[in-house]
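Now for the letters of each chain:
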Amino acid sequence: MEAGPGDEDLIRVAALARQRAYAPYSKYRVGAAVRTKRNKIYSGANVENASYGLTVCAERCAVWSAVAAGETKDYDAIAIVIDDDQLPTPCGACRQVIAEFSPSLRVVLATTGGQRKITTLTALLPDPFLPGNLS
Ligand code: THU
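Undergrad: Before we move on, can you summarise the packing of aromatic side chains with the specific residues and values?
TA: All told, the structure shown has 2 aromatic pairs when counted by the stated rule. For the pair Y25 and Y52, a centre-to-centre distance of 5.4 Å together with 45 degrees between the ring planes defines the contact as tilted. Residue Y25 is located in the loop between helix 1 (7-18) and strand 1 (30-36), and its partner Y52 is located in the loop between strand 2 (41-45) and helix 2 (58-68); the two are separated by 27 residues in the primary sequence.

Take a look at the structure:
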């Protein structure tokens, strides 16, 4: 997919959030930022724990920040940023959590070194389990 006009701004916010990652165990620091169609941005970073399994990824942190602010629909994009020589890819749990609110969200993958890839949640998680499956 093509880069969009707001992508670089969203990447910048995610990169700032990444600086606040708490990743003393893996040292793998991730930043994420969700933008809504009304141009509000909510960011997050991964937060690890000495009890390793309690770790939360940056993407879920960003989505939960949006939800905690009352934003549960009309998401426009999520940017995910790492400082690595390969692009990030959201884990399966995060794909499912994003799908709950925006199953076809635009996903902007970036490295601090300038690599970019634009994809969609539809491509990353086809046929998700959604609230409608429960009715
Ligand atoms: N992590 C994320 O924040 N997002 C991903 O998409 C993959 C993994 C975090 C979790 C953990 O803190 C570290 O990266 C290594 O798995």
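Undergrad: Tell me what's going on with the sheet that holds strand 2, and back it up with residues and numbers.
TA: Strands in a sheet are paired, the pairing made by backbone hydrogen bonds, and the direction either parallel or antiparallel. What the 5 strands build is an open sheet, ordered 2-1-3-4-5; its pairing is mixed. Each edge of the sheet is formed by a strand with only one pairing partner; in this case those strands are strand 2 and strand 5 (116-120). Averaged over neighbouring strand pairs, the angle between their axes works out to 15 degrees when direction is ignored. Here 6 bridges tie strand 3 (residues 75-82) to strand 4 (residues 106-111), and the two strands are oriented parallel to one another. Each bridged residue has a counterpart across the sheet, and for A77 the counterpart in strand 4 is R106.

Undergrad: Report on the site of the ligand, specifying residues and quantitative values.
TA: Taken together, the residues surrounding the ligand are S26, Y28, V30, N46, E48, T55, C57, A58, E59, T89, P90 and C91. For the ligand, an oxygen atom lies 3.5 Å from a polar atom in the backbone of T89. Relative to its unbound accessible surface of 370 Å², the ligand loses 78% to contact with the protein. At a threshold of 2 Å from the grid points, most atoms of the ligand map onto the largest pocket. Here the residues of the shell around the ligand are counted per class, giving 6 nonpolar, 4 polar and 2 charged.

Parameters at a glance
- All residue numbers refer to position in the chain's written sequence, counted from 1.
- This being a predicted model, a pLDDT of at least 70 is required before a residue's local features are given, and a value of 80 or more before pairs of side-chain atoms are given or counted; all residues contribute to the totals for chains, interfaces and linings.
- As a convention, hydrogens and water are excluded, and side-chain values are obtained from all of the structure's heavy atoms.
- Under the pairing criterion, centres of Phe, Tyr and Trp rings, with the six-membered ring standing for Trp, must be within 6.5 Å; the plane angle then separates stacked pairs below 30 degrees from edge-to-face pairs above 60, leaving the rest tilted.
- Helix and strand definitions here come from DSSP, where helices need a minimum of 4 consecutive H or I residues and strands a minimum of 2 consecutive E residues; each element is numbered from the N-terminal end.
- Paired strands are those between which DSSP finds at least two bridges.
- Angles run from 0 to 180 degrees between N-to-C directions of axes, and those axes are lines fitted to C-alpha atoms, restricted for helices to the stretch in contact.
- The near set for a molecule or strand comprises every residue that places at least one heavy atom within 4 Å of it.
- Polar contact is defined as a pair of N or O atoms within 3.5 Å, subject to the rule that within protein one atom must be able to donate a hydrogen and the other to accept it, and that residues adjacent in sequence are counted only when both atoms are side-chain atoms.
- Accessible surface area values rest on a Shrake-Rupley calculation with a 1.4 Å probe, where residue burial reflects the displayed protein chains alone.
- The way it works is a 1 Å grid over only the protein atoms, where trapped points that fit a 1.4 Å probe form a cavity and open points with protein on both sides within 12 Å along at least five of seven lines form a pocket, and then any residue with an atom within 4 Å of a point lines it.
- In this description, a molecule resides in a pocket or cavity if more than half of its atoms sit within 2 Å of the grid points defining it.
- Note on residue classes: Ala, Val, Leu, Ile, Met, Phe, Trp, Tyr, Cys and Pro are nonpolar, Asp, Glu, Lys and Arg are charged, and everything else, Gly too, is polar.

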